[in-house]
Amino acid sequence: MMKMKEGEFMQTVREWILDRMKYKRKYGLERMKVVMSLLGNPQDDYPIIHVTGTNGKGSTIAMLSSLFVHHGQKVGAFVSPHLIDYTDRFLINGNVMSEEDFEIVGELVQQAEAQLIDEYEPLSFFEIMTAMALVYFSRKKVEVALLEVGIGGLLDTTNIVHSTMSVITSVGLDHEEMLGNTLEQIAIQKTGIFKQNQAVVLGNLPIEALKVAEIVGEAYNCDLHQFEREFKIEPYEEGLVFNNSDVQIHISYLNLKGKYQLENAAVALECFLRFEEKFQLPINLSAVKKSFQTVTWPGRMEVVYQSPKIILDGAHNVHALKQFVETVKQYGEAGVQHTILFSALKRKHYKEMVDYLRKELPEARVVLTTFDYVGAIEKTDYPHSEIEFVEDAQQFIEKYINKTSDQEILWITGSLYFISFMRKIFIK
């Protein structure tokens with residue numbers, strides 16, 4: 001049972017997690033290994049696909065999850081950040097964790113922390129979330145778990161697992177203060193999730209990152225599968241066709257919008273096929289097609305209002321914003337007016353992102369805003385007289401809906417925390 005000091009009261013799981021938010025994310029795995037050992041190392045109970053990347057992790061995991069579900073396999077997924085509630089981070093077959101399971105699993109991790117708190121510092125928020133996910137998947141007896149890296153890979157809390165497969169969706173400049181200022185340095189961190197003798201699936205990486213992946217992959221004797229070398233996806237007639245050395249699969253359409261999602265789909269499918277092959281499990285082509293036709297991922301090109309059309313899309317760094325802009329350009333029919341409501345965190349390259357929006361989408365109305373989150377941009381952070389700024393995003397949206405015609409589209413983009421904040425408005 002949990003050790004309690006005299007005069008100390010038992011916090012609820014949510015109170016405890018909220019209290020731990022004040023502790024900064026720590027890099028290094030020693031404390032996490034001790035916690036998981038106290039919990040019985042549940043991460044060893046099921047095969048794990050470990051997914052890292054600057055962008056595309058969440059979408060790739062969503063498609064992988066859909067593939068496993070449509071093949072009748074029980075799949076767990078740990079993703080971040082959450083868009084509505086902590087429970088959004090823990091998925092079984094695409095369904096969020098129940099409050100009952102959240103309390104049960106949270107108490108187990110809380111008790112484990114109590115056993116080491118005299119020797120180690122308290123767990124950070126992300127360590128708690130990761131430990132809860134690994135315990136939860138074991139308790140639910142998943143057949144495979146999809147684990148999203150928090151930041152980087154090598155020193156990330158999730159890297160205590162010995163994964164069956166690793167995936168790098170993309171490599172770009174982000175979190176430089178922690179990962180390094182060059183693509184090579186960032187790639188070193190991301191390839192830190194590679195494990196001995198495993199299959200690794202790579203997205204369309206820049207040459208600098210690919211060279212690092214090849215060197216690390218060779219050192220660990222990994223079987224590398226690179227986008228456009230070992231596998232690819234292309235438009236075909238009315239749909240798409242996926243090819244690798246073993247199979248050709250026709251897909252009528254992909255439910256996730258945006259050209260960049262095709263690459264994520266290819267990475268997900270290649271990963272799925274290699275996993276099923278490793279465990280000698282059958283592939284159902286009809287199930288593959290249906291999985292891509294029905295897959296959804298909240299906050300990524302998500303239509304949340306139909307008339308006028310309002311679309312949420314998290315683009316939290318320059319690399320993601322370029323993909324967002326490409327989609328906006330493809331989306332617009334003649335005569336459609338685009339409005340872009342944008343917000344971000346000050347620690348990101350937000351000025352560069354706003355400048356990019358204005359340069360690439362000169363006909364669009366770009367509106368900046370803030371939101372209730374520590375470190376969110378404010379009016380004084382981009383003091384440009386030509387840029388429109390609104391203090392109350394919800395009020396802006398309400399006026400937009402009332403005064404706008406069906407010939408207009410509102411895009412809400414920027415920080416995933418901003419998307420989470422805005423999504424709650426529409427979900428209500």
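Position labels on residues start from 1 in each chain and follow its written sequence. Restriction of local features to residues with pLDDT of at least 70 applies here, the model being predicted, together with a cutoff of 80 or more for giving and counting side-chain atom pairs; totals for whole chains, interfaces and linings are based on all residues. Values reported for side chains reflect all heavy atoms of the structure, with hydrogen atoms and water molecules removed beforehand.

Draft legend 1. Spatial organisation of the overall build of the chain. Each helix and strand in the chain was counted, giving 14 helices and 17 strands. The quantity called the radius of gyration is restricted to C-alpha atoms. Its globule counterpart is 2.2 Å times the number of residues to the power 0.38. Computed over its C-alpha atoms, the radius of gyration of the chain comes to 22 Å, within 12% of the 22 Å expected for a compact globule of 428 residues. Taken along its principal axes, the extent of the C-alpha atoms in the chain is 60 × 60 × 40 Å. Burial here depends on accessible area, computed with a 1.4 Å probe over protein chains only, as a share of the maximum for the residue type. Under 20% is buried, over 50% is exposed, and the range in between is partly exposed. Counting all 428 residues of the chain, 57% fall into the buried class. What makes two residues a contact is simply this: any of their non-hydrogen atoms within 4.5 Å. At a minimum sequence separation of 6, the contacts of the chain that also span at least 24 residues come to 74%. Where helices and strands are cited, they refer to DSSP runs of H or I of at least four residues and of E of at least two residues respectively, numbered from the N terminus.

Draft legend 2. Up close: helix α7 (residues 183–190). For α7, every residue scored as buried is listed here: L183, I186, A187, Q189 and K190. Mapping the buried residues of α7 onto a view down its axis gives an arc of 155 degrees, with all of them on the same face. By construction, the arc corresponds to the directions joining the helix axis to the C-beta atoms.

Draft legend 3. A look at the nonpolar core. What makes a nonpolar core is a set of buried Ala, Val, Leu, Ile, Met, Phe, Trp, Tyr and Cys residues whose side-chain atoms join them at distances within 4.5 Å. Residues I49, F68, L146, L269 and F292 are the most contacted members of the largest nonpolar core, which totals 40 residues. Not counting residues up to four positions away in its chain, the partners in contact with L146 are I49, I61, L64, S65, F68, V75, G76, A77 and F78. Ranked by size, the runner-up nonpolar core spans 37 residues in total, among them F90, I128, M132 and A133.

Draft legend 4. Representation of the side chain of H71 in the model. Considering the arrangement of structural elements, one finds H71 in the loop between α3 (57–70) and β2 (75–78). Polar contacts, as counted here, are pairs of nitrogen or oxygen atoms within 3.5 Å of one another; within protein the pair requires one atom able to donate a hydrogen and one able to accept it, and residues that are adjacent in sequence qualify only if both atoms are side-chain atoms. One polar contact links the side chain of H71 to the main-chain carbonyl oxygen of L67, over a distance of 2.8 Å. Sequence-distant contacts of H71, defined by excluding residues within four places in its chain, comprise F272, P282, I283, N284, A287 and V288.

Draft legend 5. Molecular detail of the packing of helix α1 (residues 13–20) against helix α4 (residues 99–116). In the contact formed by α1 and α4, the axes pass within 9 Å of each other and the chain directions differ by 55 degrees. The angle between α1 and α4 falls in the class oblique. Crossing of α1 against α4: the hand is left-handed. Counted together, V13, R14, W16, I17 and R20 of α1 and E99, F102, E103, G106, E107, V109, Q110 and E113 of α4 form the full contact between these two elements. Looking at the contact of α1 with α4 residue by residue, the classes come out as five nonpolar, two polar and six charged. Whenever a helix is involved, its axis is fitted only over the stretch in contact; in every case the axis is a line through C-alpha atoms, and angles between N-to-C directions fall within 0 to 180 degrees. Oblique is the label for any angle not covered by the other classes, which are roughly parallel (under 35 degrees), roughly antiparallel (over 145) and roughly perpendicular (65 to 115). In this scheme the crossing of two helices becomes right-handed for a clockwise turn of the near helix relative to the far one and left-handed for an anticlockwise turn of less than a right angle. When residue character is reported, Ala, Val, Leu, Ile, Met, Phe, Trp, Tyr, Cys and Pro are called nonpolar, Asp, Glu, Lys and Arg charged, and the others, Gly included, polar.

Draft legend 6. Main features of the pairing of strand β12 (residues 302–305). The rule for pairing is simple: two strands pair if DSSP sees at least two bridges between them. Where β12 and strand β13 (residues 309–314) come together, three bridges link them in antiparallel fashion. Each bridged residue has a counterpart across the sheet, and for Y305 the counterpart in β13 is I310. In this structure, the hairpin formed by β12 and β13 is closed by a connection of three residues.

Draft legend 7. Structural context of helix α5 (residues 125–139). In this scheme, a helix's expected span is set at 1.5 Å multiplied by one less than its residue total. Along its 15 residues, α5 runs 21 Å from first to last C-alpha, staying within 8% of the 21 Å computed at 1.5 Å per residue. For α5, the tally of buried residues reaches 14 of 15 residues, placing the bulk of the element in the interior. Just beyond α5, the residue with positive phi is K141, at close to 55 degrees.

Draft legend 8. Broad picture of the pattern of salt bridges. The salt bridge criterion pairs a side-chain nitrogen of Lys or Arg with a carboxyl oxygen of Asp or Glu, the two atoms within 4 Å. A complete count under the given rule lists 18 salt bridges for this structure. Salt-bridge contacts for R274 lead to E277; the nearest nitrogen and oxygen are separated by 3.2 Å. Taken together, the positions of R274 and E277, both in helix α9 (residues 260–278) and three residues apart, correspond to about one turn of that helix. When its relative accessible area of 46% is taken as the criterion, E277 is described as partly exposed.

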